[in-house]
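Structure at a glance
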Amino acid sequence: MLRDWHAWFGTFTGVVALTVLALPVAALMVWLLTLRGRPLRMSLAEVGLVYGTVPGVWLILLPGGPAGSNRVSLIPLRDLSAVLAAGPSTAVAQVVGNLLVFAALGFFAPIRFSALASAPRILALGAGCSVFVETLQYVLQLGRVSSVDDVLLNAAGALLAALASRHWWRAPVDVMS
């Protein structure tokens, strides 16, 4: 199953396995940051932001087809309607996957960075990061579709996750927490 370098780092299964294996390292990082005097909330936000975002971006940047078979789709909702027409399993995987890519960024960024503690700013951050990743997919010739629908779903996922963490955005930082 995961016998060589490519299987670990170049497949969906490998990235998921590495993400699970990295969970104790992430927990250790939170603990070490709090030992150094960082508030627990900030430590969780910093580690969660990286731990939750990097695997999703990594998966997006895996090759999807033959090099040079890239496609750009700039008409909103065209690809989304095709995904929804492809059947429930494809629709759920694609829509939920795209909503989750920048969800950790949306959830933790306003907790960690008070300047980002507003829904429009998180929406802009999610959209900007998504445009960057979609552009990378095209420039790196990964054989994937660079779609405006992916940008919309990625940004929406960041926004929804940010709204879920809104309670902690402006809560005072307790040095002992």
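Residues numbered from 1 in each chain as written. Predicted model: local features only at pLDDT ≥ 70, side-chain atom pairs only at ≥ 80, totals over all residues. Heavy atoms only, no water.

1. Focus: the packing of helix α2 (residues 12–35) against helix α3 (residues 40–60)
Interaxial distance between α2 and α3 falls to 10 Å at its minimum, and their mutual angle equals 165 degrees. On the basis of their axis angle, the class for α2 and α3 is roughly antiparallel. Here the hand of the crossing between α2 and α3 comes out right-handed. Residue-level inspection shows Phe-12, Val-15, Leu-18, Thr-19, Val-20, Ala-22, Leu-23, Ala-26, Met-29, Val-30, Leu-33 and Thr-34 of α2 in contact with α3, the latter providing Leu-40, Ser-43, Leu-44, Glu-46, Val-47, Tyr-51, Pro-55, Trp-58 and Leu-59. Classifying every residue of the contact of α2 with α3 by side-chain character gives 17 nonpolar, 3 polar and 1 charged. (Axes fitted to C-alpha atoms, helices over the stretch in contact; angles between N-to-C directions. Helix = DSSP H or I, 4+ residues; strand = E, 2+ residues; numbered from the N terminus. Parallel < 35°, antiparallel > 145°, perpendicular 65-115°, else oblique. Left-handed = near helix turned anticlockwise from the far one by under 90°. Contact = heavy atoms within 4.5 Å. Nonpolar A, V, L, I, M, F, W, Y, C, P; charged D, E, K, R; others polar.)

2. A few points about helix α6 (residues 103–112)
Taking burial as the measure, the 10 residues of α6 include 8 buried ones, the bulk of the element. Considering only its buried residues, α6 is in contact with α3, α5 (88–100), α7 (119–139), α8 (148–164) and α9 (166–169). (Buried < 20%, exposed > 50% of the residue type's maximum accessible area, 1.4 Å probe, protein only.)

3. Considerations on the nonpolar core
Membership of the largest hydrophobic core comes to 17 residues, with the highest contact counts inside it found for Phe-102 and Phe-108. The set of elements that each furnish at least two residues to this core consists of α3, α6, α7 and α8. For this core, the element with the highest residue contribution is α6, accounting for 5 residues. Look past the residues within four positions of Phe-102 in its chain and what remains in contact with it is Thr-53, Val-57, Gly-126, Cys-129, Ser-130, Val-133, Asn-154 and Ala-158. (Core = buried A, V, L, I, M, F, W, Y, C linked by side-chain atoms within 4.5 Å.)

4. Quick notes on the environment of Gly-97
Checked against the element boundaries, Gly-97 lands in helix α5. The class for Gly-97 is partly exposed, based on a relative accessible area of 33%. For Gly-97 and Val-145, which are 48 residues apart along the polypeptide, the C-alpha to C-alpha distance reads 15 Å.

5. Digging into α3
Under the 1.5 Å per step criterion, the end-to-end length of α3 is 30 Å for 21 residues, consistent within 8% with the ideal 30 Å. Residues of α3 that are buried include every one of Arg-41, Met-42, Ser-43, Ala-45, Val-47, Gly-48, Leu-49, Thr-53, Pro-55, Gly-56, Val-57 and Ile-60, and no others. Where α3 is buried, its residues contact α2, α6, α7 and α9. (Expected span 1.5 Å × (residues − 1).)

6. Focus on the pattern of salt bridges
Applying the stated criterion to the full structure yields 3 salt bridges. A salt bridge links Arg-112 to Glu-46, with the shortest nitrogen-to-oxygen separation between them at 2.6 Å. Residue Arg-112 is found in helix α6, and its partner Glu-46 is found in helix α3; the two are separated by 66 residues along the sequence. A salt bridge links Asp-79 to Arg-71, with the nearest nitrogen and oxygen atoms 3.6 Å apart. Residue classification places Asp-79 among the buried residues on the basis of a relative accessible area of 15%. The class for Arg-71 is partly exposed, based on a relative accessible area of 42%. A single network of salt bridges, built from pairs that share partners, joins Arg-38, Glu-46 and Arg-112. (Salt bridge = Lys/Arg side-chain N within 4 Å of Asp/Glu carboxyl O.)

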